[in-house]
There are 2 protein chains.
Amino acid sequence: MFRLDPVFERLSRPLASLALCEARLMDDARFPWLVLAPRRDGAVELEDLAGADRGQLMAEIVAAGRAARAVGEALARPVAKLNVGQLGNLTRQLHVHVVGRREDDPCWPGPVWGQGAAAPYRPIDLERAMDAAGRRLAEADRR
Amino acid sequence: MFRLDPVFERLSRPLASLALCEARLMDDARFPWLVLAPRRDGAVELEDLAGADRGQLMAEIVAAGRAARAVGEALARPVAKLNVGQLGNLTRQLHVHVVGRREDDPCWPGPVWGQGAAAPYRPIDLERAMDAAGRRLAEADRR
């Protein structure tokens, strides 16, 4: 039975249960940052997903990119580039990061993973970010 | 008309022209590291690909992961974990990195991007790596 790794519960907030993935927003105001975790027990690598799931994951990655852009707009920091990463070197449960980047963000042009400490959102910004991302994901889900 | 960004010509060697992507091996003996560049002029983000291309890219990412594992086996350094990244913060042409990781590699557990300098292969190892990756990609392409 699928159970989300507790590390995601600690570092992120639930946005939506998509067709395949749990979509979450990282509580890190440095970047509009979503994590997608396919509800497939034991999956570690992309190759562990069945073919149909792989296609659905790609669709949800694109939707998460749109949600990251929506967070950037909501916080008046539009996204300039999307970064997508599937690493899992420390947290093995299959998950995909979708991160909105800007040239003035603290890690540009390097990757965000393993860099510095998360800067939790102010409550009002977290609410705006969750709302913007959640609405965009809901639109994608209806299509 | 599609033309591969010259940065890939400089840092990597051609492995195969897959259905969608040019597949290349990074000339960096630190990691079995493939790069996939979809032959789609002007594409920067995953969302720039048509739906069918997105599914094909996912299939080629999985094939590239198998090729990275084959390189690891050929060089007696089996891959423990695959890392997949689509960043493009510096080189905008859409491309996906597929990297075989080990706990004893110089960047573990962090990401490889932007870390240190490439360590070019010895000629004999480059030949072995190209051969192993190329054969594995050819198998995937026939399926």
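Residues numbered from 1 in each chain as written. Chains lettered and ligands numbered in written order. Predicted model: local features only at pLDDT ≥ 70, side-chain atom pairs only at ≥ 80, totals over all residues. Heavy atoms only, no water.

Residues and elements named next belong to chain A. One pass over the full model with this rule turns up three aromatic pairs over all chains. With 6.0 Å between their ring centres and 70° between their planes, F31 and W33 make a pair best called edge-to-face. Both residues of the pair, F31 and W33, count as buried. (Phe/Tyr/Trp six-rings, centres within 6.5 Å; stacked < 30°, edge-to-face > 60°. Buried < 20%, exposed > 50% of the residue type's maximum accessible area, 1.4 Å probe, protein only.)

A word on the interface of chain B and chain A. Tallying the contact residues gives 30 residues for chain B and 30 residues for chain A. Contact between chain B and chain A buries roughly 2800 Å² in total, counting both sides, with carbon and sulfur atoms accounting for 56%. For chain B, the biggest contributors to the area lost against chain A are B:M58, B:K81 and B:N89; these three give 23% of the whole. Between chain B and chain A we count six salt bridges in total. One salt bridge in this structure joins A:R69 and B:E47, with 2.6 Å as the shortest N-O distance. Linking chain B to chain A there are 16 residue pairs in polar contact (both at pLDDT 80 or more). Contributing elements (two or more residues each) for the side of chain B that touches chain A: α2 (51-74) and β4 (81-86) of chain B. Element by element, the count of residues in the side of chain B that touches chain A is highest for α2(B), at seven residues. A breakdown of the residues in the side of chain B that touches chain A according to their chemical character gives 15 nonpolar, six polar and nine charged. (Contact = heavy atoms within 4.5 Å. Buried area = accessible area lost by both parts, 1.4 Å probe. Salt bridge = Lys/Arg side-chain N within 4 Å of Asp/Glu carboxyl O. Polar contact = N/O pair within 3.5 Å; in protein donor to acceptor, adjacent residues only side chain to side chain. Helix = DSSP H or I, 4+ residues; strand = E, 2+ residues; numbered from the N terminus. Nonpolar A, V, L, I, M, F, W, Y, C, P; charged D, E, K, R; others polar.)

Next up on the list: unusual backbone geometry. Residue and element names in this part refer to chain A. The omega angle of the peptide bond from W108 to P109 is -5°, so this bond is cis rather than trans. Tracing the chain through its elements places P109 in the loop between β5 (96-101) and α3 (123-142). If you check the backbone angles, A76 has positive phi at about 60° while not being a glycine. Position of A76 among the secondary structure elements: in the loop between α2 (51-74) and β4 (81-86). For A76, a relative accessible area of 65% gives the class exposed.

It is worth stressing that arrangement in space is one thing and function is another; only the former is reported here.
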